[in-house]
2 protein chains.
Amino acid sequence: MAKIKNDLFLRTLTGESVERPPVWLMRQAGRILPQYRAIRSSLSGFKELLFTPALAAEVTVQPVDELGVDAAIIFSDILVIPECMGLDYDMVEKKGPLFNKTIQSKADADALLSGAEAAVKLEYVFEAIRLTKELLDDRVPLIGFSGAPWTLLAYMVEGSGSKTFSKAKKLLYKDPDLAHQLLAAITDTTISYLKLKIKNGVNAIQLFDSWAGILTPELYDTFAAPYLAKIASGITEVPVIVFAKGAWFSFEKLAQMDCQALGVDWNISPEFARSAAGSKILQGNLDPCQLYAPEAQIESQTRAMLDRFGKGHIANLGHGVYPDTPLNGVKTYVNTVKNYNYNS
Amino acid sequence: MAKIKNDLFLRTLTGESVERPPVWLMRQAGRILPQYRAIRSSLSGFKELLFTPALAAEVTVQPVDELGVDAAIIFSDILVIPECMGLDYDMVEKKGPLFNKTIQSKADADALLSGAEAAVKLEYVFEAIRLTKELLDDRVPLIGFSGAPWTLLAYMVEGSGSKTFSKAKKLLYKDPDLAHQLLAAITDTTISYLKLKIKNGVNAIQLFDSWAGILTPELYDTFAAPYLAKIASGITEVPVIVFAKGAWFSFEKLAQMDCQALGVDWNISPEFARSAAGSKILQGNLDPCQLYAPEAQIESQTRAMLDRFGKGHIANLGHGVYPDTPLNGVKTYVNTVKNYNYNS
């Protein structure tokens, strides 16, 4: 593999002592960029962009060009896994995903594809990765990602987003065997999928457990953490970042996983994260709403955050950037990190 | 005031050593009860029930009759405060509240009523309290409640429910002076309102900071906790319970407030709560989804929770009971607590 010119992100993940933290933003390839909105408005919807590798590659590279971030993340969706397993969904404007069928019984789960057989169906993602690598020309590393098994199960059972995901949680309480069967199938598929992503060129993996925070500590230990751990241990080729939003109660256990870094949401203070995670690399955690503030305030708050995390840190937000964030706010954030120096 | 026959809830709140924990459920006066659904289906909507004191009183007492809980909580809504200050709202079926106008400027905030002048407009709530006290005939105590200032500001600025409340949070970052002006007005109104509730008969107060969990620790310390503390200190007539959902990061500070008990959501373990809250009474925290489980499992999990909290505990869920919870599950929960004994 060719040497990546700006490899600050990867050097940080391997624990090397670096001059400043690398910076990227969750959802950086999205509506904050006028270039993205221009492409998106010419299409029928989100899924057309997802299914068109040349366009997915183009929007993946946009934030590298426009913002100068230290890593790209492939434009895709966590729900490609349920879809390749046999559950297709629509992305409804302003509402979110809506599945045409859901998992309610063992028969439903038995009917799913899984493992490599399912993962190979995601050729459009792999092609987008190859095209992105060409466009990036090794300027910065490319991150691949996947949803964590619990978060994917939540959508597959609930059928849509939800404030409580009470149908999905009900399954954990009422039919734990079926839940484990589903989680195992999702885990196998995810490992196959991520290995194919790596083979096609991604340089790091981030796992998103977006709905971690609606579980109790006991449910998280039983139905979420073990499957995340299996994926983290299964991916040995590139560094793995685990971001379990809202799972402060399991932060110490997450830090024991065989991964290189932990994502930190904005509820967690840098001090709490550091004391729970030991020497693990931490990624986060500015409140996305902070980027609505005046630029001088963004600068001072960003520097304060970098000071508090100290070394072993990847600068990011505590969640995906909100679509209506002013572009200048985002740039101020990125530039403040890029002008920071651990030694001054 | 007449002696309340079952005063276990109040004795627990005053720190008395009791034989078992008292039990009630957030949203117990609601769709889980067939009696409630019967009344609700004869009405045009939620707000008709809210505005009709005789019916509000009737549904408040239903869970005492049907479930045998140790406390009633007046059927009402946290959004009566914005409404009496001048912002009316509709409760849209399956969507939640929708305000007809919102606070976007100092002029909007200046135009609001506040304090006693606003609170006296809530006579329909006070009448519901008086009627409830008649129906209860001192069988169990009656809880009054209010939303915490931050949570009410969130609705008044956002105008509806939201996953992120990013408009409301944006105000905190962009115009902290306006945010503080609004929070002070809400706080004054709330204190007046709660004192009138107490004058009309409620025996305890619960403050709901439902959206605490979307703030950073710093925002919570600046814009939420001080106003909650002011209300808690202002209410000296009856015990006060503070429930700040998702504010695990401030749990230790909340415990310093001048209140009698802290609500505990289901993300927080009893051990974490106890170690952060010292000898404060704790209220919670079974996962509402646990009540979907088979009854034997509800029983064993409820007992395990009671064992873990130990004395100084009021049994409740970690959030409001979900509307589709089986009535038998709820009854199993309540009866398990009532059959528990600290001394056996």
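All figures in this text were calculated on a predicted structure; none of them were measured in a lab.

Colleague: Which residues make up the overall build of chain A, and what are the values?
Modeller: Check the secondary structure of chain A and you find 16 helices and nine strands. Taken over the C-alpha trace, chain A has a radius of gyration of 19 Å; the compact-globule value for 344 residues is 20 Å, and the two agree within 12%. With the C-alpha coordinates of chain A rotated into their principal frame, the extents come out at 60 × 45 × 40 Å. Counting over 344 residues, chain A shows a buried share of 54%. Partitioning the intrachain contacts of chain A with sequence separation of at least 6 by distance along the chain shows that 75% fall at a separation of at least 24.

Colleague: Could you give an account of the nonpolar core, with specific residues and numbers?
Modeller: Grouped together as the largest cluster of nonpolar side chains are 244 residues, with contacts concentrated most on Leu153(A), Val242(A), Leu153(B) and Val242(B). Excluding residues that lie within four positions of it along the chain, Val242(A) makes contacts with Leu207(A), Leu228(A), Ala232(A), Leu254(A), Met257(A), Cys259(A), Leu262(A) and Gly263(A).

Colleague: Give me helix α16 (residues 327-338) of chain B: which residues, what numbers.
Modeller: The first and last C-alpha atoms of α16(B) sit 16 Å apart over twelve residues, in line with the 16 Å expected at 1.5 Å per residue. Inspection of α16(B) places Gly329(B), Val330(B), Thr332(B), Tyr333(B), Val334(B), Thr336(B) and Val337(B) among the buried residues, and these make up the whole buried set.

Colleague: Describe in detail unusual backbone geometry, supporting the description with residues and values.
Modeller: Residues Gly284(A) and Asn285(A) are joined by a peptide bond in cis, for which omega reads -15°. Residue position: Asn285(A) is located in strand β8 (residues 281-286). One non-glycine residue, Arg27(B), lies in the positive phi region at around 65°. By the element assignment, Arg27(B) lies in the loop between α1 (8-13) and α2 (34-41). Despite not being glycine, Asp138(B) shows a phi value in the positive range, around 60°. Position of Asp138(B) relative to the elements: it lies in the loop between α8 (123-136) and β4 (142-147).

Colleague: How would you sum up the pairing of strand β2 (residues 89-92) of chain A? Please name residues and give values.
Modeller: Residues and elements named next belong to chain A. Note that β2 and strand β3 (residues 96-99) share four bridges and pair antiparallel. Note on β3: the bridge partner recorded for valine 92 is glycine 96. What sits between the antiparallel neighbours β2 and β3 is a turn of three residues, in which lysine 94 has the positive phi angle 65°.

Colleague: Provide a residue-level description of the pairing of strand β9 (residues 313-317) of chain B, including the pertinent values.
Modeller: Residues and elements named next belong to chain B. When you tally the buried positions in β9, you get five out of five residues, the bulk of the element. By the alternation rule, side chains of β9 split into His313, Ala315 and Leu317 and Ile314 and Asn316, which are all buried. Summarising the sheet, strand β8 (residues 281-286) and β9 pair through five bridges and their orientation is parallel. Residue glycine 284 lies in a different strand from β9, and its bridge partner there is alanine 315.

Colleague: An account of the relation of the copies chain A and chain B is requested, with residue identities and associated values reported.
Modeller: Least-squares fitting of chain A to chain B yields an RMSD of 0.0 Å, with the superposition described by an axial translation of 0.0 Å and a rotation of 180°. Such a combination of rotation and displacement between the chain copies is what one expects of a two-fold axis. It is Lys163(A) whose C-alpha, among those of chain A, lies nearest the rotation axis, at 3.9 Å. A shared interface surface links the copies, since 100% of the contact residues of chain A are contact residues in chain B too.

Colleague: So what about the sheet that holds strand β9 (residues 313-317) of chain A? Which residues, and what values?
Modeller: Residue and element names in this part refer to chain A. With parallel pairing, the seven strands of this open sheet are ordered in space as β1-β4-β5-β6-β7-β8-β9. Of all the strands in the sheet, just β1 (72-73) and β9 have a single pairing partner and so form its edges. Looking at chain direction, strand β6 (residues 240-244) and strand β7 (residues 261-263) are connected through two bridges and run parallel. Its bridge partner lying in β7, valine 242 is registered against leucine 262. Docked against the sheet, helix α8 (residues 123-136) engages β1 and β4 (142-147), running at close to 155° with respect to β4. This element, helix α15 (residues 295-309), spans β8 and β9 of the sheet and lies at about 155° to β8.

Colleague: Give me the packing of α15(A) against helix α16 (residues 327-338) of chain A: which residues, what numbers.
Modeller: Residue and element names in this part refer to chain A. Contact geometry of α15 with α16 gives a least axis separation of 9 Å together with a crossing angle of 40°. Handedness of the α15/α16 crossing: right-handed. From α15, Glu295, Ile298, Glu299, Thr302, Arg303 and Leu306 reach across to α16, where they touch Asn328, Gly329, Thr332, Tyr333, Thr336 and Val337.

Colleague: Can you tell me about the packing of α2(B) against helix α4 (residues 53-67) of chain B, naming the residues and giving the values?
Modeller: Axes are the key here: two packed helices are described by the angle between their axes and the distance separating the axes. Residues and elements named next belong to chain B. Across the interface, α2 lies against α4 with an axial gap of 9 Å and an inter-helix angle of 160°. Viewed along their axes, α2 and α4 adopt a mutual orientation that is roughly antiparallel. Viewed along their axes, α2 and α4 form a crossing whose handedness is right-handed. Between α2, through Gln35, Tyr36 and Ile39, and α4, the contact on the second element is made entirely by Leu55, Glu58, Val59, Gln62 and Glu66. Taken together, the residues of the contact of α2 with α4 break down into four nonpolar, two polar and two charged.

Colleague: Tell me about the confidence of the model for chain A, and name the residues and values.
Modeller: The predicted model of chain A averages 97 in pLDDT, with 100% of residues at 70 or higher. On the interface metric, ipTM, the complex scores 0.95, and its pTM is 0.97.

Colleague: Just give me the short version of the interface of chain A and chain B, but keep the residues and values in it.
Modeller: Residue-level contacts link 20 residues of chain A with 20 residues of chain B. Within the side of chain A that touches chain B, the residues separate by chemical class into nine nonpolar, seven polar and four charged.

Colleague: A description of helix α15 (residues 295-309) of chain B should follow, citing residues and the corresponding values.
Modeller: All names here are of chain B. Its 15 residues place the ends of α15 21 Å apart at the C-alpha level, agreeing with the 21 Å of an ideal helix rising 1.5 Å per residue. Looking only at α15, the buried set comprises Ile298, Thr302, Met305, Leu306 and Phe309. Down the axis of α15, the buried set is contained in an arc of 95°. They therefore lie on one face. For α15, exposure combined with an orientation more than 90 degrees from the buried face picks out Ala296, Ser300 and Asp307. In this fold, the buried residues of α15 make contact with α14 (270-277), β8, β9 and α16.

Colleague: Lay out the environment of Lys195(B) with the relevant residues and their values.
Modeller: All names here are of chain B. The topology assignment puts lysine 195 in helix α11 (residues 176-199). What makes lysine 195 partly exposed here is the crowd of 17 C-beta atoms within 10 Å. Separated by 42 residues in the primary sequence, lysine 195 and glutamate 237 place their C-alpha atoms 8.3 Å from one another.

Colleague: How would you sum up the sheet that holds β4(B)? Please name residues and give values.
Modeller: Each strand in a sheet pairs with its neighbour through backbone hydrogen bonds, running either in the same direction (parallel) or in the opposite one (antiparallel). Residues and elements named next belong to chain B. A sheet is described by the order of its strands in space; here seven strands give the open sequence β1-β4-β5-β6-β7-β8-β9, paired in parallel fashion. Two strands in the sheet have a free side with no partner beyond their single neighbour: β1 (72-73) and β9. Contacts between helix α12 (residues 217-234) and the sheet are confined to β5 (204-209) and β6 (240-244), with β5 contributing the most and set at about 170° to the helix.

Colleague: If you had to explain the environment of Lys5(B) to someone new, which residues and values would you point to?
Modeller: All names here are of chain B. Along the polypeptide, lysine 5 turns up in the segment before α1. C-beta crowding within 10 Å serves as the criterion here: with 10 such atoms nearby, lysine 5 is assigned to the exposed category. Each C-alpha atom of the pair lysine 5 and valine 92 lies 39 Å from the other, and the pair is 87 residues apart in sequence. Apart from the residues lying within four places of it in its own chain, the contact partners of lysine 5 are Asp138 and Arg139.

Calculation criteria
- Residues numbered from 1 in each chain as written.
- Chains lettered and ligands numbered in written order.
- Predicted model: local features only at pLDDT ≥ 70, side-chain atom pairs only at ≥ 80, totals over all residues.
- Helix = DSSP H or I, 4+ residues; strand = E, 2+ residues; numbered from the N terminus.
- Rg over C-alpha atoms; globule rule 2.2 N^0.38 Å.
- Buried ≥ 20, exposed ≤ 12 C-beta atoms within 10 Å, placed from the backbone.
- Contact = placed C-beta atoms within 7 Å.
- Core = buried A, V, L, I, M, F, W, Y, C linked by C-beta atoms within 7 Å.
- Expected span 1.5 Å × (residues − 1).
- Pairing = 2+ DSSP bridges.
- Least-squares fit on C-alpha atoms with pLDDT ≥ 70 in both.
- Axes fitted to C-alpha atoms, helices over the stretch in contact; angles between N-to-C directions.
- Left-handed = near helix turned anticlockwise from the far one by under 90°.
- Parallel < 35°, antiparallel > 145°, perpendicular 65-115°, else oblique.
- Nonpolar A, V, L, I, M, F, W, Y, C, P; charged D, E, K, R; others polar.
- pLDDT = per-residue confidence, 0-100.
- Arc of directions from axis to C-beta.

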